[in-house]
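Observations on the model geometry
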Amino acid sequence: MKKKVLTLLLALTMTSALITGCGGNSDAGEEKKAEEGNTEEKAEEKDEEKDEEKELTAWLDEAAKQYEAEALRGCTQEATSSYDDGSTEVTKYVKTVDDEKKIVMSKYEYTTNTQTDFYTQEDGKDYWYAEGYNENGEPIMLKIESTEEYNTYAGMAAEPKFLAESTDEIEVVEQTVTNAGEEDGMIKIQIDEKLKYHMSDGNITRESVLDDCGWTEEDLAYLEGISEAIDAYVKETNEENKVIEETVYDVSETVWITADGHKLVKSESEQSSFNTGNGEAAMAFYNMRWKLDGIKSMLAEGISLEEAKQTADEQYSTDESGPSRIYTGVTRVTTYVTGGDCVPLEELPADAKEITEEQYYNGEY
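In this text the structure is predicted, and so the values were computed from the model without any measurement. (Residues numbered from 1 in each chain as written. Predicted model: local features only at pLDDT ≥ 70, side-chain atom pairs only at ≥ 80, totals over all residues. Heavy atoms only, no water.)

For the pair helix 4 (residues 226–246) and helix 5 (residues 280–300), the least separation of the axes is 8 Å and the interaxial angle reads 140°. The angle between helix 4 and helix 5 falls in the class oblique. You can see that helix 4 and helix 5 cross each other, and the crossing is left-handed. Contact residues: Ile226, Ala229, Ile230, Ala232, Tyr233 and Glu236 in helix 4; Glu280, Ala281, Ala282, Phe285, Tyr286, Met288, Arg289 and Leu292 in helix 5. Classifying every residue of the contact of helix 4 with helix 5 gives 11 nonpolar, no polar and 3 charged. (Axes fitted to C-alpha atoms, helices over the stretch in contact; angles between N-to-C directions. Helix = DSSP H or I, 4+ residues; strand = E, 2+ residues; numbered from the N terminus. Parallel < 35°, antiparallel > 145°, perpendicular 65-115°, else oblique. Left-handed = near helix turned anticlockwise from the far one by under 90°. Contact = heavy atoms within 4.5 Å. Nonpolar A, V, L, I, M, F, W, Y, C, P; charged D, E, K, R; others polar.)

Next up, the structure:
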């Protein structure tokens, strides 16, 4: 009897195990199928996102090329700069491109003044018209034979670029392009980027600063404190460059194009600042730089050192009293226009002094 009971119990146990085993395998199989389904669904979603991103990127490219194809085109922009004390400053910018006349007019309206530059081609050469100052401190117009792409007609007239590309100076860490919906017959395309910037010039040195300024160590004896100011400027600049290279910056931009025809309408972008401090050492150095340049200029004219120093003290302030604001970022709103909606071109300055780019950057005019 005991043997029969044991046999029965064993049979029941095995049956139970078989049932449990079958049930367990069934659940595991269902879970596996569900996981495979989720993986396939995620893959499909990712493929759809990639397809959408390609389509939106193609629309952006189409809009930019259509805009560039217009013989008369331009834009107006309002840039709002923010500071750590909560204050803001607004700069207005206007650009008009006339392909027939081969002229680009670029105008900045600051809170204190207006700056208008022109970029043109004449007899196969590129010229940049910019404002400078003569030896009496009076404003004059300069006609600069330009070679740097960003100072040429072609460089200034080129189509707008909305997507960053990795170069020696910029590393695109992350970039997404998404559809932000429609608004008044326009498609909103959202671009979000994470960028790293590489300082191509590397660290500066005391020697490189002297070379850039056209000074010798002996020249520094003309102005007390400038030697220490150079060392502080070099230290601050290299420390800031290191922070910039180690930081990932967020850039966000929304571009509006027409749903019908994909014409470029406007854009709004936000970018955080490169600034890592208030630049006190840089401010002190540049104030003293202008002063030393003034002393050297007067010495070259035969004025005595004592008189040159006295005049420089009167004309060039090195006072840095009062707190300085730290720039934290900028928001730009740009509206693109064509044809008769463009701001009319102004006349090119007739009496501009013709110089080279090197002369301009060296202040030799």
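Next comes the rest of the write-up.
Turning our eyes to something else, we now look at the pairing of strand 9 (residues 249–258). Burial within strand 9 is extensive, with 8 of its 10 residues counted as buried. Sheet topology note: the strand 9/strand 10 (residues 264–272) ladder contains 7 bridges and is antiparallel. Paired with serine 252 across the bridge in strand 10 is glutamate 270. Joining the antiparallel neighbours strand 9 and strand 10 is a turn of 5 residues, in which glycine 261 adopts a positive phi near 95°. (Buried < 20%, exposed > 50% of the residue type's maximum accessible area, 1.4 Å probe, protein only. Pairing = 2+ DSSP bridges.)

Now for the nonpolar core. By size, the foremost hydrophobic cluster in this structure holds 28 residues, and its most contacted members are Ile189, Ile257 and Leu264. Looking at this core, the elements with two or more residues in it are helix 1 (2–69), strand 2 (88–98), strand 5 (125–133), strand 6 (139–145), helix 2 (153–157), strand 8 (186–197) and strand 9. A per-element tally of this core places helix 1 first, with 5 residues. Aside from chain neighbours lying at most four places away, what touches leucine 264 is Ala63, Tyr67, Pro160, Phe162, Val255, Trp256, Ile257 and Tyr336. Membership of the second largest hydrophobic core comes to 19 residues, among which are Leu210, Ala229, Leu292 and Ile295. (Core = buried A, V, L, I, M, F, W, Y, C linked by side-chain atoms within 4.5 Å.)

In regular strands, side chains alternate between the two faces of the sheet. Direction of pairing for strand 5 relative to strand 6: antiparallel, over a ladder of 7 bridges. Residue pairing in the sheet places tryptophan 128 in a bridge with isoleucine 144 of strand 6. Here strand 5 folds back onto strand 6 in antiparallel fashion, the turn holding 5 residues, of which glycine 137 has a positive phi close to 80°. Sheet topology places strand 6 next to strand 12 (residues 353–356); 4 bridges connect them, and they run parallel. Directly across from leucine 142, in strand 12, lies its bridge partner lysine 353.

For the rest of this paragraph, the subject is the packing of aromatic side chains. Applying the stated criterion across every chain, the model contains 14 aromatic pairs. Where tyrosine 67 meets tyrosine 336, the ring centres are 5.4 Å apart and the plane angle is 80°; that geometry is what we call edge-to-face. On the criterion of sequence distance, the pair formed by tyrosine 67 in helix 1 and tyrosine 336 in strand 11 (residues 327–338) is long-range, its members being 269 residues apart. With a relative accessible area of 13%, tyrosine 336 lands in the buried category. Both rings, one in phenylalanine 118 and one in tyrosine 129, keep their centres 6.5 Å apart while their planes meet at 90°; by these two values the pair is edge-to-face. (Phe/Tyr/Trp six-rings, centres within 6.5 Å; stacked < 30°, edge-to-face > 60°.)

Turning to a negative patch on the surface, a few remarks are in order. A contiguous patch of negative charge on the surface is contributed by Asp47, Glu48, Glu49, Asp51, Glu52 and Glu55. The exposed category is assigned to glutamate 49, whose relative accessible area is 54%. (Patch = residues over 30% accessible without salt bridge, like charges linked within 9 Å, V, L, I, M, F, W, Y side chains within 5 Å. Areas by Shrake-Rupley, 256 points an atom, 1.4 Å probe, with all protein chains shown as cover. Salt bridge = Lys/Arg side-chain N within 4 Å of Asp/Glu carboxyl O. Lys, Arg positive; Asp, Glu negative; His and termini not counted. Charge placed at Lys NZ, Arg CZ, Asp CG, Glu CD.)

Of note, the phi angle at lysine 102 is positive, near 55°, even though the residue is not glycine. By secondary structure assignment, the location of lysine 102 is in the loop between strand 2 and strand 3 (103–109). Of note in this structure, histidine 262 is not a glycine but carries a positive phi near 55°. On the secondary structure map, histidine 262 appears in the loop between strand 9 and strand 10.

Strand order across the open sheet formed by 12 strands is 7-8-9-10-11-1-2-3-4-5-6-12, with mixed pairing between neighbours. Since the sheet does not close on itself, it has two edges, and those belong to strand 7 (170–183) and strand 12, each with one partner. Direction aside, neighbouring strands of the sheet carry axes that sit 20° apart on average. The pairing of strand 10 with strand 11 spans 7 bridges and is classified as antiparallel.

Bear in mind that shape data such as this cannot, by itself, settle questions of function.
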